[in-house]
There are 2 protein chains.
Amino acid sequence: MRASSVDQIIIETLSKEHAHLTSAQVYEKIRERLPAVNLSTVYRALERLVTSGSVSVSDMGTGSAVYEILADGRHHHLVCQKCGQVLTIEDNEVRELFSKIQENNHFHVLTNHLILFGICAACQKDS
Amino acid sequence: MRASSVDQIIIETLSKEHAHLTSAQVYEKIRERLPAVNLSTVYRALERLVTSGSVSVSDMGTGSAVYEILADGRHHHLVCQKCGQVLTIEDNEVRELFSKIQENNHFHVLTNHLILFGICAACQKDS
DNA sequence: AACCAAAACGCAAATCTTTGCAATTGCAAC
DNA sequence: GTTGCAATTGCAAAGATTTGCGTTTTGGTT
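Residues numbered from 1 in each chain as written. Chains lettered and ligands numbered in written order. Predicted model: local features only at pLDDT ≥ 70, side-chain atom pairs only at ≥ 80, totals over all residues. Heavy atoms only, no water.

What follows deals with the sheet that holds strand β2 (residues 55-58) of chain A. Residues and elements named next belong to chain A. The antiparallel open sheet is built from 3 strands, whose spatial order is β1-β3-β2. Only two strands of the sheet have a single neighbouring strand rather than two, namely β1 (21-22) and β2. Bridge analysis of β1 against strand β3 (residues 66-69) gives 2 bridges, and the strand direction is antiparallel. In the sheet register, L21 faces β3, and the bridge partner there is Y67. (Pairing = 2+ DSSP bridges. Helix = DSSP H or I, 4+ residues; strand = E, 2+ residues; numbered from the N terminus.)

Here it is in structure tokens:
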């Protein structure tokens, strides 16, 4: 892989934001520095970064995928299907399962950002 | 929810197939019995069935989501990012994690079909 | 410095999925 | 049976993402 300026700027942007950004949001952000960049170039750069493991992509059920830098501690998310609330859970809650799956199946898990859908505590009470 | 004929036919179709079908494949199949049905109707019916828990949807990284009946024993998949091979793992390997997450976070997990990406044993040897 | 192959890019088109809206249908109460 | 309302549908358009292809850029080699 070559050092693409788009890749670098996306990493810098996502590192500064520390948030889930959609492709469109990433596109807008990096256009401040690369005004002529094309959206498909952003998609391809994001794909490279996800494959290389520096960025995570997740479908949180909002209609478009969201991207996030993976530099700081890994984490995962619980998305409430009723109220849309997003809970964050730490990686150690999940890593154990991944280890077992790796042992049992001789499969090296690369997925680094899990999204689980369900119902949060508050919405469970409501019903 | 009302008894939609499309919902019923999709369930019957997926039950017969016992496979991962794309929305386009579902569309073609049910057109044999409902020739005038619209693709967006199929999408909406699939969404209902997924929400109600009778069908699972997963992005296996093939460009389009795949749908599967959930009637028979639940299972999950490991997708090799090198060769594309799909391994099936049983629900008990995963249910334990879900239980812990439910306890720790008072969150009722509804996700019923997990897709984990990684590298299979064979491809690990190759590299 | 010139050259080459591979990687990245822009653009347009294709593909996949969702959505707004008006029309239709099914179910239940009357 | 008909009336009313909400769920479902078709259609067209919008939105999200991927892809083919010709061009440009990059990094390494001569």
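Having put the structure on the table, let's press on.
Moving on, we get to the packing of helix α4 (residues 92-105) of chain A against helix α4 (residues 92-105) of chain B. Packing of α4 of chain A against α4 of chain B brings their axes to within 10 Å, and their N-to-C directions diverge by 175°. It follows that α4 of chain A is roughly antiparallel to α4 of chain B by the angle criterion. Judged by residue contacts, E93, V94, E96, L97, K100, I101, N104 and N105 of chain A of α4 of chain A engage E93, V94, E96, L97, K100, I101, N104 and N105 of chain B from α4 of chain B. Counted by class, the contact of α4 of chain A with α4 of chain B contains 6 nonpolar, 4 polar and 6 charged residues. (Axes fitted to C-alpha atoms, helices over the stretch in contact; angles between N-to-C directions. Parallel < 35°, antiparallel > 145°, perpendicular 65-115°, else oblique. Contact = heavy atoms within 4.5 Å. Nonpolar A, V, L, I, M, F, W, Y, C, P; charged D, E, K, R; others polar.)

Let's shift gears to the pairing of strand β4 (residues 75-80) of chain A. Residues and elements named next belong to chain A. Among the 6 residues of β4, 6 are classified as buried, and the element is accordingly described as predominantly covered. Side chains H75, H77 and V79 project from β4 onto one buried face, and the interleaved H76, L78 and C80 project onto a second face that is buried too. The hairpin formed by β4 and strand β5 (residues 86-90) contains 5 residues between the paired strands, and G84 there has a positive phi angle of roughly 80°. As judged from the 4 bridges shared by β4 and strand β7 (residues 115-119), these two strands associate in the parallel manner. Considered in β7, the bridge of V79 is made with F117. (Buried < 20%, exposed > 50% of the residue type's maximum accessible area, 1.4 Å probe, protein only.)

Turning our eyes to something else, we now look at the pattern of salt bridges. Residue and element names in this part refer to chain B. Under the counting rule described, the total for this entry stands at 12 salt bridges over all chains. Between E17 and K29 there is a salt bridge, with the nearest N and O atoms lying 3.3 Å from each other. Of this pair, E17 sits in helix α1 (residues 5-17) while K29 sits in helix α2 (residues 23-31), and the two are 12 residues apart along the sequence. Under the relative-accessibility criterion, K29 is labelled partly exposed at 33%. Here R95 ties to D91 by a salt bridge, and the two come within 2.3 Å at their closest N and O atoms. (Salt bridge = Lys/Arg side-chain N within 4 Å of Asp/Glu carboxyl O.)

Attention now moves to the relation of the copies chain A and chain B. Mapping chain A onto chain B calls for a screw motion: a turn of 180° about the axis and a shift of 0.0 Å along it, with 0.1 Å RMSD after fitting. Viewed as a symmetry operation, the transformation between the two copies matches a two-fold axis. Relative to the rotation axis, the C-alpha of L97 of chain A is the closest in chain A, positioned 3.1 Å from it. When you check the interface residues of chain A against chain B, 100% turn up at the interface there too, and the contact is symmetric in its surfaces. (Least-squares fit on C-alpha atoms with pLDDT ≥ 70 in both.)

All names here are of chain B. Strand order in the open sheet made by the 3 strands is β1-β3-β2, with antiparallel pairing throughout. Here the strands that pair on one side only, and so sit at the sheet edges, are β1 (21-22) and β2 (55-58). Helix α3 (residues 39-52) rests against β2 and β3 (66-69) of the sheet, and its axis sits at about 110° to β2.

Moving on, we get to the interface of chain A and chain B. Opposite the 30 residues of chain A that make contact, chain B presents 30 residues. Applying the counting rule to chain A against chain B returns 2 salt bridges. One salt bridge in this structure joins K100 of chain B and E96 of chain A, with 3.2 Å as the shortest N-O distance. Inspection of the region where chain A meets chain B yields 16 residue pairs in polar contact (both at pLDDT 80 or more). Those elements that place two or more of their residues in the side of chain A that touches chain B are β4, β5, α4, β6 (108-109), β7 and α5 (121-126) of chain A. Of the residues forming the side of chain A that touches chain B, the biggest block, 9 residues, is contributed by α4 of chain A. Class assignment of the residues belonging to the side of chain A that touches chain B gives a composition of 19 nonpolar, 8 polar and 3 charged. Here β7 of chain A runs beside strand β6 (residues 108-109) of chain B; their pairing, made up of 2 bridges, is antiparallel. Bridge pairing links I119 of chain A to H108 of chain B in β6 of chain B. (Polar contact = N/O pair within 3.5 Å; in protein donor to acceptor, adjacent residues only side chain to side chain.)

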